[in-house]
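In case you want the letters, here they are:
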Amino acid sequence: MSTQTAQLAPLTRRRQKEVVAMRGKLLFLGGLAAGFVLGARAGREKYEELKATALKIKESPTMQEAAGVVQEQATRLYSEGKTKVTDRLANSRFAETDLGQRLLHTSQPSAIERDMATSGAPTTPSTGTSF
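For clarity, every value in this text was computed on a predicted model and none was experimentally measured.

Parameters at a glance
- Within every chain, residues take consecutive numbers counted from 1 along the sequence as written.
- In view of the model being predicted, local features appear only for residues whose pLDDT reaches at least 70, and side-chain atom pairs are presented and counted only at 80 or more, with totals across whole chains, interfaces and linings using the full set of residues.
- For side-chain calculations, the full set of non-hydrogen atoms in the structure is used, while hydrogens and water are omitted.
- Labels follow the DSSP assignment, with helices taken as runs of H or I lasting at least four residues and strands as runs of E lasting at least two, numbered in each case from the N terminus.
- Only protein chains enter the area calculation, which uses a 1.4 Å probe; residues under 20% of their type maximum are buried, those over 50% are exposed, and those in between are partly exposed.
- The contact definition used throughout considers only heavy atoms, calling two residues in contact when any of these lie within 4.5 Å.
- pLDDT expresses, on a scale from 0 to 100, how confident the predictor is about each individual residue.

Let's shift gears to the overall build of the protein chain. Of regular secondary structure, the protein chain possesses four helices and zero strands. Each helix (α) and strand (β) of the protein chain, taken in turn from the N terminus, gives the series α-α-α-α. Looking at the protein chain as a whole, 5% of its 131 residues qualify as buried. At a minimum sequence separation of 6, the contacts of the protein chain that also span at least 24 residues come to 27%.

So this is what it looks like as structure tokens:
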């Protein structure tokens, strides 16, 4: 009797986890459905209003200034990171390999560096748009 109970205990715990996971999925789908219905009821007018507000915020001088500051910090962090990685690689056994030598002595800029030189901002690979 006790061995049968011991065998059922893990099965019960596993079943409980499955039930909790299923409950989470159902709640997510219910929220998704409610959002869809409410969004459809709000209609195109509300969508256009939200879009106009987002565009106004994006084009505000304060937001533009903040974006510039963030861009400068990203550029600085990228440069510092690249320098650190290059230094670390140069002082490792990897630098002794053919691939290491090619990577360390390449004269071509990376894709991010080319984007930043032309547009001042890196672009996303899939869309080609700035971050």
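Attention now goes to the confidence of the model for the protein chain. On average, residues of the protein chain score 77 in pLDDT, and 72% of them reach the 70 mark or higher. Here helix α4 (residues 111–119) stands out as the least confident element of the protein chain, with mean pLDDT 66; helix α2 (residues 61–90) is the most confident, with 89.

Let us look at the environment of phenylalanine 94. Assignment of secondary structure puts phenylalanine 94 in the loop between α2 and α3 (98–104). Once you skip the residues sitting within four places of it in the chain, phenylalanine 94 turns out to touch Leu89, Leu99, Gly100 and Leu103.

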